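Commentary on secondary and tertiary structure
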Amino acid sequence: HTRTFFKSPNMAAAAMEHRTFGRTGWSVTSVGVGTWAIGGAWGEPNDDDSVAALHAALDEGINVMDTANIYSDAGTVGRSERLIGRVLKERKDAGKTDRVFVFTKAGRQGTHSPANYTYEALKAEAQGSLERLGTDALDLLQLHCPPREVLDAGTAFAALQRLRDEDKLIREWGVSVETEEEAMLCIAQPGCAAVQIIINAFRAKPLGKVLAAAREAGTALLARVPLASGLLTGKVDAAFVAALPPSDHRVFNRLGESFDAGETWSGLGAHLDTAIDAVGDIKAAYAAYIARIKAPAATDGSAATDGSADPTLAQFALRWILDAAGSDSPVVVIPGVRSVAQSRANAAAGRAPPLSADEVAAVRAVYDSKIGPLIHSKW
């Protein structure tokens, strides 16, 4: 795996980190864009704001967008995909030809069941995504957290391989999973190019066996929910939680009432007080990081001397994933966006100085002492 840098058009002095996306050989930015929020389930999104946010991310040099056909209003499909398709068309019409990798998912339209993962069902969903995205082939089609029995049967893997090799509807395929065990099963599949799983400072388990297996197999890892539904921004407290609208999954799925509890608050919905307290401990490691990179003579060359603003706690949390995995790892983080400011802030994490080994260890110690005992065994 390689680590290269991209000069942002908006920050000439900065560099955007790139990584090789596993065996595909694609050069992708280490920070991508997650688009669940612009489809819905995080309160009501504004499409104009969403389009502006996507343009801003691409203008910053980000070249990965992750979506799904069900990132949409309740009872509908495709809102997020349509917005991405609109943005890509607008950029093409404006003469912007930068390569953008768009990853989507299938299998959860309608009632979620094994029947959604047959060749015929997956082909129909892929064709719908192609139409909404305005492209002739999907860069990466992922099974969307399928039932375990689907993974055990293996026929969905064969269906994806057929969509790639015979139908040419997809370039590569992968699987979005919930658990370490599911990730290991998928990485073992010869054709699986990528596995998507929750990784963050409060869900560190995949940085063990899963990362080691992915490196060995040449499988890329997409780290979703990298900020633990906002916990790791440092902005969440009791008042913040009380003000969330009922349409936000952090309310209606706090304990896993609608889908897997791990997708909301990183599985800590029943332990928010402990999680918020643990963020306070992470802030100590963050303060040490800021002090180090602002030192006038940092011997490792990581001093922030270009006049850019100090990285935020959220950017520190994103960098923690990348640096805990290693600069040569196939890990890409995909934080969500709903605004231009969020897009620019996420991109800045891909240009921020890396954490030191001691800073990575300090954050991991918070997980091991306060968070791991609550959830490590669950996913």
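Our subject in this report is the structure included herewith. (Residues numbered from 1 in each chain as written. Predicted model: local features only at pLDDT ≥ 70, side-chain atom pairs only at ≥ 80, totals over all residues. Heavy atoms only, no water.)

1. As for the overall build of the protein chain
Each helix and strand in the protein chain was counted, giving 14 helices and eleven strands. In summary, the protein chain has a C-alpha radius of gyration of 20 Å against a globular reference of 21 Å for 379 residues, a match within 12%. Considered along the principal axes of its C-alpha atoms, the protein chain spans approximately 60 × 50 × 40 Å. Counting all 379 residues of the protein chain, 56% fall into the buried class. (Helix = DSSP H or I, 4+ residues; strand = E, 2+ residues; numbered from the N terminus. Rg over C-alpha atoms; globule rule 2.2 N^0.38 Å. Buried < 20%, exposed > 50% of the residue type's maximum accessible area, 1.4 Å probe, protein only.)

2. As for the packing of helix α12 (residues 313–325) against helix α13 (residues 340–349)
Contact pair α12 / α13: the axes reach a minimum separation of 8 Å and the direction vectors enclose 45 degrees. Classed by the angle they form, the pair α12 and α13 counts as oblique. Crossing of α12 against α13: the hand is right-handed. Within the contact between the two elements, α12 uses Gln315, Leu318 and Arg319 and α13 uses Ala345, Asn346, Ala348 and Ala349. For the contact of α12 with α13, the per-class residue count stands at four nonpolar, two polar and one charged. (Axes fitted to C-alpha atoms, helices over the stretch in contact; angles between N-to-C directions. Parallel < 35°, antiparallel > 145°, perpendicular 65-115°, else oblique. Left-handed = near helix turned anticlockwise from the far one by under 90°. Contact = heavy atoms within 4.5 Å. Nonpolar A, V, L, I, M, F, W, Y, C, P; charged D, E, K, R; others polar.)

3. Observations regarding the environment of Gln109
Mapping Gln109 onto the fold places it in the loop between β6 (101–106) and α4 (119–133). When the C-alpha atoms of Gln109 and Val77 are compared, they prove to be 7.5 Å apart, with 32 residues separating the residues in sequence. For Gln109, the contacting residues outside a window of four places in its chain are Asn69, Ile70, Val77, Asn116, Glu125 and Arg132. Here Asn69 takes part through its side chain, which lies 3.0 Å from a polar atom of the side chain of Gln109. (Polar contact = N/O pair within 3.5 Å; in protein donor to acceptor, adjacent residues only side chain to side chain.)

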